[in-house]
Amino acid sequence: MPKISLKIREQFPILKKKMHGKPLVYLDNGATTQKPQRVINAEKEFYETTNANIHRGVYELSEKATAQYESAHEKVASFIGAESFKEIVFTKNTTEAINLVASSLPNEIFRDKKKILVTIMEHHSNLLPWQRLARERGLVLEFVELAQDGNLDLVDLKNKLNNQVAILAVTHVSNVLGTVNPIDRIVKMAHKVNALVLVDSAQSIARLPINVKKNKVDFLVFSGHKMYGPLGIGVLYGRRELLEKMEPFMLGGDMVTTVTRKSATWNNLPWKFEAGTPNIAGGVALGMAVDFIKSVGIPSIWQHEQELVEYVISKLLEIEGLVIVGLENVGEHLSVLSRGRTQRSSPTTKPLIRAGVISFTVDGIHSHDLVTLLDAEGIAVRAGHHCVQPLLTTLGIKECTRISFSVTTTLEELDRFITVLGESVKILKR
Ligand SMILES: Cc1ncc(COP(=O)(O)O)c(C=O)c1O
């Protein structure tokens, strides 16, 4: 039985809701997680008791708001093992954080370099900014492909990583396949050839331990709303030495120290990258989301999800015509899984590691039809291309259905989902 207690689930008011008269079964946490009461309260309380602009007022309310906003930076820094809050820039979301890096990298990192490397499993957010940068700088954008087992092909990565690569942008967890990329190993490989690494942690920040200093990650990006925090706030971690060398992405208030008619000097980190009035209430509530995750514990969240993943995979494979995306090709796990079991087939078979993000297709059925029938029963899952069109094209599909878990997901919810899915497939195949 998953170890997460129901007391945690009870902290999420929206989960008491009914949809179409049925209890809400929310399995779209990859898109955004629901929020515990304490995060909702933190944002509300900020507006009720502390609202003022930061860094500008010398009056008490502004100083209080500033202290809370800065303390949220400190909390995030400590959560991901950063050296200092100066390395933590609050952005709107993951997308803005990646755009910031791609737009602001110093020229020196491109000296004698001709390539940008991404993986085929990147979300469009971690692809399009690199496509543009490659176009603008006349660089080649290369893709690391998938291995036979649906994981990232580390041999392909090794072959493509050479001293021509300026930066490698890689997701920690795929938002469609649920694969977990070995970030520590990847960073070591990249640094050997003097390439920087940006890790997209949007899908991993709330389920896997991350220590940027220990793993020597250059940039780490994630969104508050995918880690039980509010919408409209995200994070860019950057190694201080790199951030110091980067030009600000946006110019305006709060990111400057002195301004003359013709020029300006930039503020200290991290404010140099936070132009204009930021989402102060969102930042404060993000700090509360960090407190929430820490109170549950990342190891407990991961273990909880692993038990759900094993359970649901075995149940999904009992549905005729259903294929789990990224697990159907070849390789040992895949043949094991296609027989409906998740155990290892032999001592040499590597264990299957998948985060709580699973996508599937059902022969002859469009994901939108499936999701519509599930919705009628109060079950929220996602259909479509999930912002990874190059990955789906590579896998030979155009769309799929995705379920994604969080700390609130229960076995009972998954049972209900599987029952309704089975019935929906029967209806649509008639
Ligand atoms: C892996 C990954 N990267 C980036 C993003 C973009 O996140 P946001 O829309 O919060 O900027 C997502 C969103 O689903 C994602 O799953």
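For every chain, the first residue of the written sequence is number 1, and numbering continues from 1 along that sequence. Per-residue local features are limited, in this predicted model, to residues with pLDDT of at least 70; the limit for side-chain atom pairs, both in listing and counting, is 80 or more; totals at the level of whole chains, interfaces and linings are taken over all residues.

### What about the sheet that holds strand β4 (residues 88-91)?
Paired through their backbone hydrogen bonds, the strands of a sheet run either parallel or antiparallel. Applicable threshold: Strand pairing follows a simple DSSP-based rule, namely that at least 2 bridges must link the two strands. Here a strand is any run of E in DSSP of at least two residues, a helix any run of H or I of at least four, and the numbering for each starts at the N terminus. Only C-alpha atoms enter the line fits that serve as axes; for helices the fit covers just the stretch in contact. Angles between N-to-C directions range over 0 to 180 degrees. Residues are defined as contacting one another if the C-beta atoms placed from their backbone atoms lie within 7 Å.
Strand order in this open sheet of seven strands is β4-β10-β9-β8-β7-β5-β6, and the pairing throughout is mixed. If you trace the sheet from one side to the other, it starts and ends with β4 and β6 (140-144), each paired once. Averaged over neighbouring strand pairs, the angle between their axes works out to 20° when direction is ignored. For strand β8 (residues 196-200) and strand β9 (residues 219-223), the ladder comprises three bridges, and the chain directions are parallel. Pairing of aspartate 200 across the sheet is with valine 221, part of β9. Against the sheet, helix α4 (residues 94-104) contacts β4, β8, β9 and β10 (234-238), and its axis sits at roughly 35° relative to β10.

### Some remarks on helix α5 (residues 128-137)
Rules: Think of it as a crowd count around each C-beta: if 20 or more other C-beta atoms lie within 10 Å the residue is buried, if 12 or fewer it is exposed, and in between it is partly exposed, with C-beta placed from the backbone throughout. Each C-beta atom gives one direction from the helix axis, and the arc is the one those directions make.
Within α5 the residues assigned to the buried category are Pro129, Trp130 and Leu133. The buried residues of α5 occupy an angular sector of 95° when the element is viewed end-on, so they sit on one face. As for α5, its buried residues are in contact with α4, β5 (115-119), β6 and β7 (165-171). Phi turns positive one or two residues past the end of α5, at glycine 138, with a value near 65°.

### Some thoughts on the site of the ligand
Stated precisely, the cut-off is as follows: By convention here, the C-beta atom is placed from the backbone, and a residue is near a molecule or strand when that atom is within 6 Å of it. Under the scheme applied here, ten amino acids are nonpolar (Ala, Val, Leu, Ile, Met, Phe, Trp, Tyr, Cys and Pro), four are charged (Asp, Glu, Lys and Arg), and all others, including Gly, are polar.
Taken together, the neighbourhood of the ligand is formed by 13 residues, with Asn93, Thr95, His123, Asn175 and Ser223 sitting nearest. Within the shell around the ligand, the residues separate by chemical class into one nonpolar, eleven polar and one charged.

### Observations concerning the pairing of β6
This is how it is decided: Throughout, right-handed denotes a crossover for which the path from the first strand over the helix to the second runs clockwise when the strands point away from the viewer.
Sheet topology places β5 next to β6; five bridges connect them, and they run parallel. Along β6, the bridge assignment pairs valine 118 with phenylalanine 143. A crossover connection joins β5 to the parallel β6 through α5; in handedness this β-α-β unit is right-handed.

### Notes on the pairing of strand β11 (residues 256-259)
Pairing between β11 and strand β12 (residues 264-266): three bridges, direction antiparallel. The partner of valine 259 across the bridge, within β12, is alanine 264. Where β11 folds back on β12, the antiparallel hairpin that results is connected by four residues.

### Here we look at the confidence of the model for the chain
What counts is decided by this rule: Every residue carries a pLDDT, the predictor's confidence in it, which falls somewhere between 0 and 100.
Confidence in the prediction for the chain averages 93 pLDDT; 93% of positions are at 70 or higher. Low pLDDT, under 50, characterises residues 329-348; the predicted model gives this stretch 33 contacts beyond four residues in sequence or across chains.

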